[in-house]
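Below are the chains, spelled out letter by letter.
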Amino acid sequence: MPQLAEALKKRVEGDVLFDAFSRGRYATDASLYQMMPVGVMSPKSEDDIRAALDIAQEHSVPVLARGGGTSQCGQTVNTALVLDNTQYFNDILELDVEGMRCVVRPGIVLDELNRALKPHGLWFPVDVSTASRATIGGMTGNNSCGGKSLRYGMMRDNVLSIEAFLADGSKHHFRLVANAGDLEFAALRDDLLGLGAREAAEIDSRFPNVMRRVGGYNIDALVPRDTPQNLAHLLVGSEGTLAYSTAIELKLWPILSEKVLGVCHFPTFHQAMDAAQHLVKLNPQGVELVDATMIALARDIPMFRDTIEEFVTGKPDALLLVEFAEEDTSTHPRKLKELEELMGDLGFAWDKSGKNWGGVTAVPDPKMQARIADLRSSGLNIMMSMKADGKPVSFVEDCAVELPDLAEYTAGLTEIFEKHGTRGTWYAHASVGCLHVRPVLNLKLDQDVKKMRAIAEECFDLVARYKGSHSGEHGDGLVRSEFHEKMFGPRMVANFSEVKRRFDPDGLFNPGKIVDAPKMDDRSLFRYSPVYNVPEFRTGLDWSEWTGSGGGFQGAVEMCNNNGACRKLKGGVMCPSFRVTRKEQDLTRGRANTLRLAISGQLGPDALTSDEMAETMKLCVSCKGCKRECPTGVDMARMKIEVQSARAKKNGLSLHDRLVAYLPRYARWAARMPFLLNLRNSVPGLAKLTEKFSGFTETRDLPKWHARPFKDAEVAPQEAPEAVLFADTFNRYFEPENLRATLKVLRAANVPVQIASPAKGERPLCCGRTFLSAGLIEEAKQEAQRLVDALLPHAKSGIPIIGLEPSCLLTLRDEIPALLPGEDTKLLAKYARMLEEFIADQAENPDFVLPLTSPTQKVLLHGHCHQKAMGVMSSIKKTLARLPDTEIEVVETSCCGMAGAFGYGVETHEVSRKMAELDLIPAVRAASEDTIVVADGTSCRHQVADLTDRQPIHIARLLERALKP
């Protein structure tokens, strides 16, 4: 709608996006649905929102307020103008520490809010599993709950008031009725209170008597009771269908910083469910379920594997995580003792067998508790990590029943699944009778869609039989609104419609949710509609782990279920570009959605090689953070290679891309005239003169060619080498001192070392990474094959292959097996070790003695993204622990921002700097002068040196300095 777009651009400050690629990125949430928006806008102010509502009314276009876009039921998709509050409309307006309250904009993320509250000893305790990306506006619209609702209640219990625009453009303050003095608001207020009084008896008889009820509108808040009526509670859980919230006042709580966790092991799932009603009598703040399926899947995910091994004993069919947090922390040991005694009273003991085996594993360590909490909060996405076409589907997943009925209810639900030839995956909130269960279905198949419908009908009948709630946490949206009559009866549904009409007579706000909903199985609204199709196409890498076109590339892309874990702003690595721009485009999820729409033809012909796709991928730094941290394993770094490859075949390469890609091929010639090439950095005006044709920004010095590059001849051949050193292009020609330091360290440990060398007369070996960065897959394969040919004999002899540059050495464990799949590259991957991994591997080797002293009192360590993605960081810490009397501080950082040539690009250097300034550079600047900064990545060292007055060093040089004379 060009007229709508133009009208918005004239009147609003925020971003206005109406192109197909941008709209496509907002067409899905974490549900099974897809609805293409009319357009997207990111408001910067209330004035922007007011203008958008006026213009939308004029053009008869609905409006959808959107936060993190992680709704499970389709609340945040619609054929509407989408207003994304997360990019700009996300600040704290007021903080009253003494009164334990705050006022926030709807776009603020829960974790960001709690980070701001923590210094004041406060937090907002509705701790949803999506806290790293869930916005307060979205949580309010959904009446979110979290794992500690047993103690702190739900959003409704913690929202004090809401300021919001109504459909007519007027703005009002929804709060306690006694304080609502707005005369213009009086008619609406009186109508609502009249409805509450009129329907009090019906509400009491039809609303489920369970804590977890988030279906329909909260019209029970309008009923005259002993407690004061709060009109804000009617907006809570309304899914953006009644008003547009602009400011939300929250009740805050004191932080209880210390807690203990008891992990209860059960031999059967049914026994765990039956035990929940007894465990809550100990007054824990939460009881969370982890079932056997989740345990098995988590074991296959690198970032969770070690955690599972540490806290799971034996082979339980289910775990209940029982958490205690008391103001008087001295009671915690007693609480754990009571838990153990209760488990004994229920008949469980470690020394028993069969249905009596079980017990409690105590977890007092806060760091281990945090790791378990991270695993549990990722439960949904762990379940979604199945690589087959069938996936756990959300549609009956958060029904709630009273605790005494929980075991029988779950047994009945299991029978329904088995009847329809499927199974469910279970996790979540046993303490409040609300379990997340997802039957495994393939919604590309009509037969499975029909199966979904039948399961939904039977499940909701079962819930009604137990007088439970068909919506216990994730709301109504498209998937459950249709079933309100079954749950509440026709009179209550008519009441819901009356509320909607009174607030929004023309259906401006998010139509089709809660009232007047379409059928939940209307396949025209599905992400995989009946016409969804991905034609066959050729890819350059191996995607055979997945299914679908492109040799499995389709299935790999479709692994993105929109869970939004990549939207986190702190912790881990992904997604560094999003942390700077806050744009959906610059996000693993946004890129994956764009790829899925492109390969399925929904963005027009040649979308994969289009300029819009290039723009989508431009700020992806291939950090591989998503490979490790995305719960469903979306590897955008590898996917980007395919996009670059397709585009290179169509358009060729720029000079900039050629200079980067072919570096390994011209490096040995360039190294013969380092002075000449380094003039670019030293002659005034030369950097600016070369910027336009080279694509390298004039604002940065390029890496300096070394006057004395490393040569293989510096190492004498060994008859019986115990390690092979791979001298990569970057360390060979730019920082050869790292290779020389490595040799000195290994010799000090009496390790005979041989250099990995090519056939006589050939140029030095290379991993091919620079070719991959430009999409030159065939050239990368050639480099990879040379490397495999040179290294394979050593791997077959069981000799470790040591490398220094993470992006090069770890290519042997990641990209090369995808370039050249087979047993040879699998074997090479097994023996490819970073220097610090090799040293850490020798911990139990009595013959490996490395004589070290302390080179400094403190080391500040920055991990390269690929080290983090491939699980190398623990080895670095173990190796540095060999240094006596040396404090090691690991900087909690995302990508340094340099990322190979990314930080030198004309179009990307500014974003590169902003990435570094998020965490890394402030930490380096704050370090004392005698602190040594260590970073293994060439790019990382250059970034820090460029933006600070510090010169980081490779771990090899740190160890060299620490060698005893």
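Refer to the structure presented above.
Trainee: Looking at this structure, I do not really get the overall build of the protein chain. What am I missing?
Mentor: A count of helical and extended segments in the protein chain gives 45 helices and 25 strands. At 30 Å, the protein chain has a C-alpha radius of gyration in line with the 30 Å of a compact globule built from 965 residues. Structurally, the protein chain occupies a C-alpha span of about 95 × 75 × 60 Å along its principal axes. Put simply, the protein chain has 965 residues, and 63% of those count as buried. Pairs at least 24 residues apart make up 74% of the contacts formed inside the protein chain by residues separated by at least 6 positions. A total accessible area of about 36,300 Å² is found for the protein chain, and carbon and sulfur atoms account for 50% of it.

Trainee: Where do I start with the side chain of Q842 in this structure?
Mentor: Considering the arrangement of structural elements, one finds Q842 in the loop between α39 (835-841) and β23 (858-862). When its relative accessible area of 12% is taken as the criterion, Q842 is described as buried. Those residues within four positions of Q842 in sequence are excluded, and the remaining contacts are F848 and R882.

Trainee: What am I meant to see in the pairing of strand β5 (residues 92-96) here?
Mentor: Note on strand geometry: in a regular strand, side chains alternate between the two faces of the sheet. Bridge count between β5 and strand β6 (residues 101-104): four bridges; the pairing is antiparallel. From the neighbouring strand, E94 faces β6, where its bridge partner is V103. Counted along the chain from β5 to the antiparallel partner β6, the turn is four residues long, and its residue M100 has a positive phi close to 50 degrees.

Trainee: I would appreciate a short explanation of the environment of E892 in the present structure.
Mentor: Mapped onto the fold, E892 is located in the loop between β24 (887-890) and α42 (909-918). E892 sits 321 residues away from G571 along the chain, and the two C-alpha atoms are 6.7 Å apart. If we skip the residues at most four places from it in the chain, E892 touches G571, G572 and D919.

Trainee: Where do I start with helix α21 (residues 490-503) in this structure?
Mentor: In an α-helix, one turn spans 3.6 residues; hence positions three or four apart end up facing the same way. For α21, which comprises 14 residues, the first-to-last C-alpha distance of 20 Å matches the rise-based estimate of 20 Å (1.5 Å per residue) to within 8%. The set of residues buried in α21 consists of M492, N495, F496, S497, V499, K500 and F503. Looking at the buried side of α21, the elements it contacts are β9 (171-174), α8 (186-198), α9 (200-206), α10 (232-235) and α20 (484-488).

Trainee: Explain the environment of V63 here, please?
Mentor: Here V63 shows up in strand β3 (residues 63-66). In this structure the C-alpha to C-alpha distance between V63 and Y244, which are 181 residues apart in sequence, comes to 9.1 Å. Among all residues touching V63, those that are not within four sequence positions of it are L53, A56, A80, L81, L83, Y244, L508, F509 and N510.

Trainee: Before we go on, may I ask you to explain the packing of helix α35 (residues 777-796) against helix α38 (residues 823-831) in this structure?
Mentor: Each pair of packed helices gets described by two things: the angle between the helix axes and the distance between those axes. Where α35 meets α38, the axes come as close as 9 Å, and the angle between the chain directions of the two elements is 70 degrees. With respect to each other, α35 and α38 are oriented roughly perpendicular. Crossing of α35 against α38: the hand is left-handed. Every residue of α38 that contacts α35 at V788, L791, L792, A795 and K796 is listed here: D824, T825, L827, L828 and Y831.

Trainee: Mind showing me how you'd approach the sheet that holds strand β20 (residues 753-755) here?
Mentor: Through backbone hydrogen bonds, the strands of a sheet pair up, either in parallel or in antiparallel fashion. Taken together, the four strands give an open sheet; going across it, the order is β20-β19-β21-β22, and neighbouring strands pair in parallel fashion. Two strands in the sheet have a free side with no partner beyond their single neighbour: β20 and β22 (832-834). Each strand of the sheet is rotated relative to its neighbour by a mean of 35 degrees, with strand direction disregarded. Across the sheet, helix α33 (residues 736-748) touches β19 (723-725), β20 and β21 (801-803), and the angle it forms with β19 is around 165 degrees. Against the sheet, α38 engages β21 and β22, with an angle of about 25 degrees to β22.

Trainee: Sorry if this is basic, but what is going on with the nonpolar core here?
Mentor: Where a protein is soluble and globular, its nonpolar side chains tend to be buried together. By size, the foremost hydrophobic cluster in this structure holds 111 residues, and its most contacted members are I136, I219 and L250. At eight residues, the largest contribution of residues to this core is made by helix α18 (residues 446-465). Every residue in contact with I136, bar those within four places of it in the chain, is listed here: V104, P106, I108, L110, L113, F124, M155, I248 and L250. The next biggest cluster of nonpolar side chains, apart from the first, holds 109 residues, and it includes V534, L569, C630 and L791.

Trainee: Hey, could you run me through unusual backbone geometry in this one?
Mentor: Peptide bonds are trans in most cases, and residues, glycine excluded, mostly fall at negative phi. In this structure, the amide linkage connecting M574 to the following residue, C575, adopts the cis form with an omega of -5 degrees. Checked against the element boundaries, C575 lands in the loop between α22 (553-558) and α23 (576-581). Not every positive phi belongs to a glycine, and S60 is a case in point at roughly 55 degrees. Topologically, S60 is positioned in the loop between α3 (46-58) and β3. The exposure class of S60 is exposed, given its relative accessible area of 65%. The residue E239 is not glycine, and still its phi comes out positive at about 60 degrees. Since its relative accessible area comes to 6%, E239 is described here as buried.

Procedures and definitions
Residues numbered from 1 in each chain as written. Predicted model: local features only at pLDDT ≥ 70, side-chain atom pairs only at ≥ 80, totals over all residues. Heavy atoms only, no water. Helix = DSSP H or I, 4+ residues; strand = E, 2+ residues; numbered from the N terminus. Rg over C-alpha atoms; globule rule 2.2 N^0.38 Å. Buried < 20%, exposed > 50% of the residue type's maximum accessible area, 1.4 Å probe, protein only. Contact = heavy atoms within 4.5 Å. Areas by Shrake-Rupley, 256 points an atom, 1.4 Å probe, with all protein chains shown as cover. Pairing = 2+ DSSP bridges. Expected span 1.5 Å × (residues − 1). Axes fitted to C-alpha atoms, helices over the stretch in contact; angles between N-to-C directions. Parallel < 35°, antiparallel > 145°, perpendicular 65-115°, else oblique. Left-handed = near helix turned anticlockwise from the far one by under 90°. Core = buried A, V, L, I, M, F, W, Y, C linked by side-chain atoms within 4.5 Å.

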